[in-house]
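One letter stands for each residue in the lines below.
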Amino acid sequence: MVMQQYLLTYTGVVFALYLHHIIRAIEVPLDPNIQNELPQPPTITKQSVKDYIVDPRDNIFIDCEAKGNPIPTFSWTRNGKFFNVAKDPKVSMQRRSGTLVIDFRGGGRPEDYEGEYQCSARNEYGTALSSKILLQVSRSPLWPKEHLDLVEIDEGSPLTLKCNPPPGLPPPVVFWMSSSMEPIHQDKRVSQGQNGDLYFSNVMLQDAQTDYSCNARFHFTHTIQQKNPYTLKIQTTRGVMETTPSFMYPYGTSSNQIVLRGVDLLLECIASGVPAPDIMWHKKGGELPTDKTKLENFNKALRITNVSEEDSGEYFCLASNKMGSIRHTISVRVKAAPYWLDEPQNLILAPAEDGRLVCRANGNPKPTIQWLVNGEPIESAPPNPSREVAGDTIVFRDTQIGSSAVYQCNASNEHGYLLANAFVSVLDVPPRILAPRNQLIKVIQYNRTRLDCPFFGSPIPTLRWFKNGQGSALDGENYQRHENGSLEINMARKEDQGIYTCVATNILGKAENQVRLEIKDPTRIVRGPEDLIVKRGSLVRLDCRIKHDSTLKLTVTWLKDDTPLYIGNRMKKEDDGLIIYGVAEKDQGDYTCVASTELDKDSAKAFLTVLAVVSAPTNRMTALPKERPERPRDLELTDLAERSVRLTWIPGDDNNSPITDYVVQFEEDKFQPGLWHNHSRYPGSVNSAVLRLSPYVNYQFRVIAVNEVGSSLPSLPSERYHTIGASPEINPTGVQGAGTQKNNMEITWTPLNATQAYGPNLRYIVKWRQRESRESWSNETVRTTRHVVWNTPIYVPYEIKVQAENDFGRAPEPDVIIGYSGEDLPSVPRYFRIRQPNLETITLEWGHPEHPNGIITGYNLRYQAFNGTKTGRTLVETFSPNQTRFTLQRTDPISRYRFFLRARTQVGDGESIVEESPAPLNEATPTPAATSLPTTTVSLTSTTTIATTTTTAATTTTTVASTTTTTESAPTATIKQDFATNGSSIWNVKAFTNSNWANITWSHNFSAGTDFVVEYITSNNTVRSIPVKAQTPSSVQLADLTPGMTYQLWVFPKWSSPSENSYITFTTSSAYTKNHVDIATQGWFIGLMCAIALLVLILLIVCFIKRSRGGKYPVREKVEVLDHEDHKVDDPSFDYSDEDNKEPPGSHTSLDGTIKQESDDSLVDYGEGGEGQFNEDGSFIGQYTVKKDKEETEGNESSEATSPVNAIYSLA
């Protein structure tokens, strides 16, 4: 009967496994040996995006890569027709890849290759298709020329300034500035719409103080084009009449908007009125989705991210001021391009097996499904009796070898399409075991373990496990088998040790492998160290007796205060303990014994207290030996109350040394069972005390007696006493809010301990909202010690509250803590001005970024000298965050400089703003002697802080190299230092130094609002202290330091004092030295300049005398001779490097190598900025010539003699 039941059970298991193999597909393992042996149809692994926009200045790469066995071959179609790559010499395909490369180094127009491309990868088992790739060339069209009349308008009236930027590909980014490159200040009265127009809700007199120019920035060419500026003339009246709001955009009372699923919905309402109206947004019949809604442009725009179908409906904006309100309703409909519900997956079948490919997609409108096989419509493919198409599903029955193919599913509607490849491969492979043979697995007794046996085969093999060669398969509650072939043993026992065999079987054969399992004894510390109180200079022994498995290698290490202990001459490490000879005060602390093997470890900890030796009068009588007291006994609890209890004990023998103290400890069994905590301390003369208790704690007490020799063993525990629960009385401390990413804020806190929870199910109510906003509090209830708020704006302050709660109620209302969301890269500086007061200095001034996106930590400036196309080395300067001015000393008046300035936050460097120094008068005629760019001398000026920067200057190889460098020293950090019994501490103190200042930062977990003191002392023992108010992050800057001086620095809470060993040491760098001799102070130079001035004065007098007599001079001939000589002076031996920069289309290169635009007309002269090219920050690129002066000169040649300079040429 038993045998029959066993056979039925075994048959059922086998049948169930067989059915399971039929319905699950075969998966090819990632083992490269397996994949290289098996035939496999092509699979597309890499392809370009569907809408592919390329830079016309670069070669074009259209990606198409695939894998398969045999290796696939590739072909392309363009606009639906075969694209013959071999016919076009500019087009090639990369080796072992289908990636197209179109090379324009030999010429050609990228626009000629625009179109729709599709890649095919094929081998003998099928053909895979890429998506259709629409290739377009980026365009940056010029702004059409137009003349803008003066805009006259009454004060208080609404105004719209049209932008109408040229349609680029991709569309340009639009922004408004004045013609002097100052950004237009925007607020709820003046703002830019999404269409690029500038809207004034009402015009004020101050609006006429500047002009308004629309700028378009193009992504690929990195150029900015400027529209001709608008100029306003405001007609004033006696008083501006207050008016009710009226919509400037959109028009009317209602409008419609269609948006695609998954993109951002942007709704906009701009209204006029006096005073400027406020905008509020609502959704009809529901609330706005707070988790993905964001107000922009002074509440004039509503953005809903990742739109879904439930976001359809009617939204309305309400514009109101004190004169009234109006509303506009926007009906939103959400459409959807196709998206996958079930994307078809590769299908591997064994001969005669069944399977199916499923292709389900959704969209609005509903997409149509089209099947293709090997790139051809399935309707025109050869018939396959084992294949049946049923709408979005293809069913395969009784498949045979040779039926492998690649199927494509195309789901499309009017808003887009999806294309997926899925191959069907029919394989017959005998079983293979993929794991190494004869593995050895070791496990600690009673632990969980797993024996792995990965396998592969087609049809899918059946896997069984056997132990010690027995004929029956393993079964039972202690064993668990997984689909991947692993056998899991829930609790390893001694009897589970042995040799296990896994056998994989299918109709083509079988394979097996063996795994040997060894059960090891656990590692345990049977007698660990105990707390000791000893006198200085005595001998101490800390026990650590260990029991472990003899076949495993044991390693014993000791830690002091949780750091590895250095075993010096005064210490001796033994097999069963640690001996310390001549104990000193520095030996006091926590000692941990750690016993570990390759499989497990155990540890035990004790605290060593060292007492100072107190001198005592000598006694002629022999003193009795003193020892630690005996443990107290017979603990009794009486006077039981809700928040207190009386504990009484009987003292033990003091062993000839009076008992000085009793230490009462407690243990609770909910949060940290088995861990004893100090509760209170009492004099040695008492044996009874009333203990103050916390609600909802299951207390157990013990008492330790202390005398001058040390501490007794703990008494036996008392009986337990459980206090009743209550609501918490305090909230978590150390609440902080800081971003870990640019779109989040992580809120952390120090949790309540067992004596502060006061009840079951302790949890925390986390509330947050943006500071100084009218929005309601967001909240979340958590049981952990952190909560992350996502989708936050970049670096904005938040009000944070964390309140404790249990089943009995909530704690009092918590204090509000200020935290900040994550930082991001800063924007470019607000402005960047370059002034050249003389030929020896260049002065740079800049403003802080308009959007700092965090705490600005400094500025980086890269610059290089250039003359035409020849450039010098790039130099780098680093400034402190408060510095906004920089002076560059130079000795060569010919070279110009190009500056790249960017701001920096803790995240990194922001985008660069680029400016060039003004062109000197003689830039086009460099002197032959200038064989290298001059060495640059740097002087720095700051409005608040002087900062020494890093400068590297070098001469050419014909002269001796000269380098002047000031570098920041590497920061140093302290170890963690405790200041409070609750574990609060300061760590990671760092000093970032320069020659005369240092930035000090540190980390801590004190409660918010804690003030700190930074104290530092110089090497000549001068002590200075700086109080630091509570802030996030914790930092301070030390100014007026002495270059090359060494300092010691402490950081500690205001209520504490500095620890003797918790300082850091840093040294400021040497002061910046200037080895350059100023030529302006040399006597010979002053005399030479005076002689030249006198000679010029005499020539001018002679010129005017001859002109008064009516003389004429061959000016044109002389100028031609001078021009001829100037060309000879252009010596090519300058030590410059040509930059490999791309010239924008339509540009020409001047004689000196600089890039000039097609028009040299200045916007200042004509007021038309249609063809001007700009950098990303809005600065003009090119050279200006005063057209008016040029025409006057060319129209009257005889007027040349009226110029003093021309007079000098005439005399020459």
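Structural data are supplied above this passage.
Because the structure is predicted, anything quoted here is derived from the model rather than measured. (Residues numbered from 1 in each chain as written. Predicted model: local features only at pLDDT ≥ 70, side-chain atom pairs only at ≥ 80, totals over all residues. Heavy atoms only, no water.)

K.L.:
Break down the state of the cysteines for me, citing the residues and quoting the values.
P.N.:
Scanning the model with the defined rule gives 6 disulfides in all. Disulfide partner of Cys359: Cys409, at an S-S distance of 1.7 Å. Looking down the S-S bond of the Cys359 and Cys409 bridge, the torsion is -65 degrees, so its handedness is left-handed. Residue Cys359 is located in the loop between β30 (355-358) and β31 (360-364), and its partner Cys409 is located in strand β36 (residues 405-413); the two are separated by 50 residues in the primary sequence. The partner cysteine of Cys453 in its disulfide is Cys502, sulfur to sulfur 2.0 Å. On the S-S bond that ties Cys453 to Cys502, the torsion sits near 70 degrees, and the link is right-handed. Residue Cys453 is found in the loop between β40 (449-451) and β41 (455-458), and its partner Cys502 is found in strand β45 (residues 498-506); the two are separated by 49 residues along the sequence. Across this residue pair, the class does not change: Cys453 and Cys502 are buried. The disulfide pattern of the protein is 1-2, 3-4, 5-6, 7-8, 9-10, 11-12 when the bonded cysteines are numbered in sequence order. (Disulfide = S-S within 2.5 Å. Helix = DSSP H or I, 4+ residues; strand = E, 2+ residues; numbered from the N terminus. Buried < 20%, exposed > 50% of the residue type's maximum accessible area, 1.4 Å probe, protein only.)

K.L.:
Report on the pairing of strand β56 (residues 601-611), specifying residues and quantitative values.
P.N.:
Pairing of strand β48 (residues 532-535) with β56 involves 4 bridges; the strand directions are parallel. Counted as the bridge partner of Val534 is Val610 from β56. Bridging between strand β55 (residues 589-596) and β56 involves 8 bridges; their strand directions are antiparallel. What sits directly across from Gly589, in β56, is Leu608. Hairpin connection of β55 to β56: 4 residues between the antiparallel strands. (Pairing = 2+ DSSP bridges.)

K.L.:
Which residues make up the packing of aromatic side chains, and what values do they have?
P.N.:
One pass over the structure, following the stated rule, counts 24 aromatic pairs. Ring centres 4.9 Å apart and planes at 20 degrees place the aromatic pair Tyr795 and Tyr820 in the stacked group. Taken together, the positions of Tyr795 in the loop between β68 (786-790) and β69 (797-806) and Tyr820 in strand β71 (residues 817-820) put the pair 25 residues apart, joining distant regions of the chain. Their ring planes at 80 degrees and their centres at 5.9 Å tell us that Phe1006 and Phe1012 sit as a pair that is edge-to-face. Of the two residues, Phe1006 and Phe1012, neither departs from the other in class, the shared state being buried. Here a set of aromatic residues connected by ring pairs shows up, and it is made of Trp846, Tyr859, Tyr863, Phe879, Phe886, Tyr897 and Phe899. The side chain of Lys670 reaches across the aromatic face of Tyr696, ending 4.7 Å from its centre. (Phe/Tyr/Trp six-rings, centres within 6.5 Å; stacked < 30°, edge-to-face > 60°. Lys NZ or Arg CZ within 6 Å of the ring centre and 35° of its normal.)

K.L.:
Before we move on, can you summarise the sheet that holds strand β88 (residues 1064-1067) with the specific residues and values?
P.N.:
Spatially, β85-β84-β87-β88 is the arrangement adopted by the 4 strands of the open sheet, whose pairing is antiparallel. Every other strand in the sheet has two partners, leaving β85 (1023-1028) and β88 as the edge strands with one partner each. For this sheet, the mean inter-axis angle between neighbouring strands, taken without regard to orientation, is 25 degrees. (Axes fitted to C-alpha atoms, helices over the stretch in contact; angles between N-to-C directions.)

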